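Single-letter residue listing:
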Amino acid sequence: MTEGFNIQRDEKTDSRHNLTWHMMEINRQKREKQMQQKAFTIWMSGLSGAGKSTIANALEKRLYAMGKKTMLLDGDNVRMGLNSNLGFSDEDRVENIRRIAEVAKLMNDAGLIVITAFISPYRHDRENAKQIIGDGFREVYVSTSIEECEKRDVKGLYKAAREGKIAQFTGITSPYEIPEHADVVVDTAEMDVETCVNHILEQLKSLLRESV
Ligand SMILES: Nc1ncnc2c1ncn2[C@@H]1O[C@H](COP(=O)(O)OP(=O)(O)OP(=O)(O)O)[C@@H](O)[C@H]1O
Ligand SMILES: [Mg+2]
């Protein structure tokens, strides 16, 4: 785990490493004002195949059409770039989520509305993401059951995991800890993509309307 893991962003110094936070004049509030939107992060969590990427994509299209400035951080895409040096061990999963949260926070500071789509199976990691991102963190639990996800098996990963070809596969050989206080819950076995997106937008409408 990275040293200095839990350093809060409002601390102005990190004496262990002789670091001092430099306050810049063009800050988040100014960028939000220029972009005419409140920046925040929609953190989507759920099993592989639950529908995170599909919903995130549809949600971003809707926000884009509303004139919102957005960015989507998606599991496999980030693992093929920024986090290409990380695997799926417990330690690497923690670091994967920590980096994503830091990037989401930077993008929020840039004034953007961020959507993330990562399995993020551990409660502790999501809590840590919330700590890093701060007030603008909103958790969306894509609650599609393991049975439904395995039936879909979009990437053929469940079959491979059942055959023992993938170690530590979430829901099969590695736990998924259900979010207990998600801001929004969508089950894609019961709701189509559009209904899921409408539900998320409805639940987040006060943030989307907030004047800056
Ligand atoms: N209501 C729905 N919302 C989202 N996806 C749905 C819905 N109904 C069916 N699906 C299908 O479920 C699959 C979801 O796959 P998707 O790649 O979005 O999952 P994921 O949660 O991003 O998985 P991973 O963690 O492996 O990236 C897609 O094939 C999609 O078409
Ligand atoms: Mg995905």
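Note that the structure is predicted; figures quoted are calculated from it, not measured. (Residues numbered from 1 in each chain as written. Chains lettered and ligands numbered in written order. Predicted model: local features only at pLDDT ≥ 70, side-chain atom pairs only at ≥ 80, totals over all residues. Heavy atoms only, no water.)

## Details of the sheet that holds strand β4 (residues 70–74)
In space, the five strands of this open sheet follow the order β4-β5-β3-β6-β7, with parallel pairing throughout. The strands lining the two open edges of the sheet, one partner per strand, are β4 and β7 (184–186). Taking the axes of each pair of neighbouring strands and ignoring which way they run, one obtains an average angle of 20° across the sheet. In the sheet, β4 pairs with strand β5 (residues 113–117) via five bridges, with the strands oriented parallel. Residue T70 lies in a different strand from β5, and its bridge partner there is I113. (Pairing = 2+ DSSP bridges. Helix = DSSP H or I, 4+ residues; strand = E, 2+ residues; numbered from the N terminus. Axes fitted to C-alpha atoms, helices over the stretch in contact; angles between N-to-C directions.)

## Some details on helix α8 (residues 193–203)
For α8, the complete set of buried residues consists of C196, V197, I200 and L201. One face of α8 carries all of its buried residues, which in axial projection span an arc of 130°. For α8, the secondary structure elements touched by its buried residues are α2 (52–65), β6 (137–142), β7 and α9 (205–209). (Buried < 20%, exposed > 50% of the residue type's maximum accessible area, 1.4 Å probe, protein only. Arc of directions from axis to C-beta. Contact = heavy atoms within 4.5 Å.)

## Let's talk about the site of ligand 1
Near ligand 1 there are 17 residues, and of these S48, G49, K52, T54 and M191 occur at the shortest range. One nitrogen or oxygen atom from the main chain of G49 is found 2.8 Å from an oxygen atom belonging to ligand 1. A per-element tally of the shell around ligand 1 places α2 first, with four residues. Looking at side-chain class alone, the shell around ligand 1 contains seven nonpolar, six polar and four charged residues. (Near = heavy atom within 4 Å. Polar contact = N/O pair within 3.5 Å; in protein donor to acceptor, adjacent residues only side chain to side chain. Nonpolar A, V, L, I, M, F, W, Y, C, P; charged D, E, K, R; others polar.)

## Side note on the packing of aromatic side chains
Enumeration according to the criterion identifies four aromatic pairs in this entry. With centroids separated by 5.0 Å and ring planes inclined at 85°, the aromatic side chains of Y158 and F169 adopt a geometry described as edge-to-face. Taken together, the residues Y158 in helix α7 (residues 157–162) and F169 in the loop between α7 and β7 connect sequence positions 11 residues apart. Overall, the relative accessible area of 2% leaves Y158 in the buried class. On the basis of relative accessible area, F169 is assigned to the buried category, the value being 8%. Aromatic ring contacts, followed pair by pair, group W43, F118 and F137 into a single cluster. Its end group placed over the ring of F88, R79 keeps NZ or CZ at 3.8 Å from the ring centre. (Phe/Tyr/Trp six-rings, centres within 6.5 Å; stacked < 30°, edge-to-face > 60°. Lys NZ or Arg CZ within 6 Å of the ring centre and 35° of its normal.)

## What to know about the pattern of salt bridges
Taken as a whole and assessed by the stated rule, the structure comprises 15 salt bridges. When the shortest N-O distance is used, the salt bridge between E163 and K165 registers 2.8 Å. For E163, a relative accessible area of 41% gives the class partly exposed. Among the residues examined, K165 registers a relative accessible area of 63% and is labelled exposed. Through salt bridges with shared partners, a single ionic network connects R28, E32, K105 and D109. (Salt bridge = Lys/Arg side-chain N within 4 Å of Asp/Glu carboxyl O.)

## Quick word on the packing of helix α4 (residues 90–109) against helix α5 (residues 123–133)
Between α4 and α5, the least distance of the axes is 9 Å, while the angle of their chain directions is 25°. Taken together, the axes of α4 and α5 lie roughly parallel to each other. Where α4 crosses over α5, the two elements pack in a sense that is right-handed. Contacts between α4 and α5 involve R93, V94, I97, R98, A101, E102, A104, K105 and N108 from the former and D125, N128, A129, I132 and I133 from the latter. Considering only residue class, the contact of α4 with α5 consists of seven nonpolar, two polar and five charged. (Parallel < 35°, antiparallel > 145°, perpendicular 65-115°, else oblique. Left-handed = near helix turned anticlockwise from the far one by under 90°.)

## Quick notes on the UniProt feature "binding site: ATP" (unreviewed entry) in the chain
Here the UniProt-annotated "binding site: ATP" (unreviewed entry) positions come out as G46, L47, S48, G49, A50, G51, K52 and S53. Among the secondary structure elements, L47 is positioned in the loop between β3 (41–45) and α2. Taking the relative accessible area as the measure of exposure, L47 reaches 9% and is therefore buried. Ignoring sequence-local partners within four residues, the contact set of L47 consists of K52, I119, V142, T144, S145, I146, C149, Y158, T170, G171 and Y176. You can see G51 is positioned in the loop between β3 and α2. Setting aside its immediate chain neighbours within four residues, G51 contacts V142 and R152. (UniProt positions renumbered as here; feature names shortened; annotations may be inferred.)

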